[in-house]
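# Secondary and tertiary structure notes
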Amino acid sequence: MPLKQRKIAIMGYRSVGKSSLSIQFVEGQFVDSYDPTIENTFVKTTKVNNQEYELKLVDTAGQDEYSILPTQYSMDIHGYVLVYSITSPKSFEIIQIIYDKLLDMTGKVHVPIVLVGNKKDLHMNRVITQEEGHRLAETWKAVFLEASAKQNEVNSKKCVSDIFHTMLMEIEKENGNVTQKKPSCSIS
């Protein structure tokens, strides 16, 4: 099968771990501190259900309620990973604003989205419950996952790559190429 190219934007409030999730997926490591992201693009080839993908991850600068989303975030983007921190009510509020702006900008009723509650390793400081994340994702008809970029963990057993593999499956579903296999945690 020929290599499919997919572009995914990772969006959310500042300091929720967008870059940490991207770097964990692409390089297999957790970077503890770095300068705030302006915008980075990471490229990784990965395989889901025997299909190889060249995945371009657009790691966006942190957004807030006043951010104007650049139009390039609606062009050539196949899906969106929207990230909030389970320790930040502000980031949960902002992710809902970003979602509304995305729908306005794309002019679509539905876009492939994976909602990620990050920083689950900081469970002692949790303020957003798993149920709240689930409910929000359900209203969007999106997939919901909780993750720890630091521990390379998603929903207690999987790894960060599953966020992006799940996103690819959502994109394929949207394109009418439905596949039922679940992603497995492998660094490829």
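Residues numbered from 1 in each chain as written. Predicted model: local features only at pLDDT ≥ 70, side-chain atom pairs only at ≥ 80, totals over all residues. Heavy atoms only, no water.

Threshold: UniProt positions are given in the numbering used here, feature names are shortened, and annotations may be inferred rather than shown by experiment.
Taking an unreviewed UniProt entry as the reference, the protein chain is identified by name as GTP-binding protein Rheb homolog isoform X1 belonging to Sipha flava. Turning to the protein chain, the UniProt record has this under Catalytic activity (unreviewed entry): "GTP + H2O = GDP + phosphate + H(+)". The annotation that UniProt attaches to the protein chain under Subcellular location (unreviewed entry) is "Endoplasmic reticulum membrane".

### Let's talk about the environment of His78
Our working definition: Secondary structure elements follow DSSP: runs of H or I no shorter than four residues count as helices, runs of E no shorter than two count as strands, and numbering proceeds from the N terminus.
Of note, His78 is situated in the loop between β3 (51-60) and β4 (79-85). Once the C-alpha coordinates of His78 and Gln29 are considered, the two residues, 49 residues apart in sequence, prove to be 25 Å apart.

### Quick look at the nonpolar core
To keep it simple, the criterion reads: By nonpolar core we mean a set of buried residues, namely Ala, Val, Leu, Ile, Met, Phe, Trp, Tyr and Cys, connected to one another through side-chain atoms within 4.5 Å. Only protein chains enter the accessibility calculation, which uses a 1.4 Å probe; a residue whose area is less than 20% of its type maximum is buried, one above 50% is exposed, and one in between is partly exposed. Residue contacts are defined here by distance: any two heavy atoms, one from each residue, within 4.5 Å place the two residues in contact.
With 53 residues, the main nonpolar core has Leu82 and Ile163 as its most contacted residues. A total of 7 residues in this core trace back to one element, the largest contributor, which is helix α2 (residues 89-106). Setting aside residues no more than four positions away along its own chain, Ile163 makes contact with Leu21, Val81, Val114, Val116, Leu145, Ala147 and Val154.

### Observations regarding the side chain of Ser88
Assignment of secondary structure puts Ser88 in the loop between β4 and α2. Ignoring any residue separated from it by four or fewer positions in sequence, one finds Ser88 in contact with Val127 and Ile128.

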